[in-house]
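So the chains spell out like this:
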Amino acid sequence: ELLQSPDFSQIAGWTLSENASFDDVKQFVSVNVDSPAYQTIKVTPNRQYTNQVTVRCLSSDGSARMQINWLDAKGRFISTDIRPVECTDSWSTHSMKVFAPVNAHTAFVYATGHTKTPVQFKQNSFRQ
């Protein structure tokens, strides 16, 4: 596991944007497309990673998003991997495999919504 607190048992390692929130009792983050949570980690170029999330949407128009932004050694944006995730009011787990680009040095791993409707993340894992 490359992320700190992938199960949101605490918020250590995660950066919360304005209007994102952390529930330390129920152990999840509430986010939307404008207010994500994210972590920045070092990655190895050309390596395959698996991003896995457990999410729920309390509104029928909610949609989550798995997102990885790749940056080079100078912090310049290279590309992004995005997968929208349909969700319901029950927790569901989704995963995607991604490859770090040839010149990738850093990844921004997001817990975010795909719309302005808040969604909840109970888990966000990023593994080699």
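Thresholds, definitions, all that
- Residues numbered from 1 in each chain as written.
- Predicted model: local features only at pLDDT ≥ 70, side-chain atom pairs only at ≥ 80, totals over all residues.
- Heavy atoms only, no water.
- Salt bridge = Lys/Arg side-chain N within 4 Å of Asp/Glu carboxyl O.
- Helix = DSSP H or I, 4+ residues; strand = E, 2+ residues; numbered from the N terminus.
- Buried < 20%, exposed > 50% of the residue type's maximum accessible area, 1.4 Å probe, protein only.
- Phe/Tyr/Trp six-rings, centres within 6.5 Å; stacked < 30°, edge-to-face > 60°.
- Lys NZ or Arg CZ within 6 Å of the ring centre and 35° of its normal.

A.B. asks: Please provide a residue-by-residue account of the pattern of salt bridges, values included.
C.D. replies: Scanning the model with the defined rule gives 3 salt bridges in all. A salt bridge links arginine 127 to glutamate 1; its shortest N-O distance comes to 3.5 Å. Within this pair, whereas arginine 127 is found in strand β10 (residues 119-127), its partner glutamate 1 is found in the segment before β1 (15-16), the two being separated by 126 residues in sequence. Judged by its relative accessible area of 46%, arginine 127 falls in the partly exposed class. For the salt bridge of arginine 76 with aspartate 72, the shortest nitrogen-to-oxygen distance reads 2.8 Å.

A.B. asks: Describe the packing of aromatic side chains, and please don't skip the residues or the numbers.
C.D. replies: A full pass over the atoms with the stated rule returns 8 aromatic pairs. Taking 6.4 Å as the distance between ring centres and 25 degrees as the angle between the ring planes, the aromatic pair formed by phenylalanine 108 and tyrosine 110 counts as stacked. Judged by its relative accessible area of 14%, tyrosine 110 falls in the buried class. An aromatic cluster of three or more residues is present, and its members are Tyr38, Phe108 and Tyr110. Above the plane of the ring of phenylalanine 28 lies arginine 56, whose end atom (NZ or CZ) is 5.6 Å from the centre.

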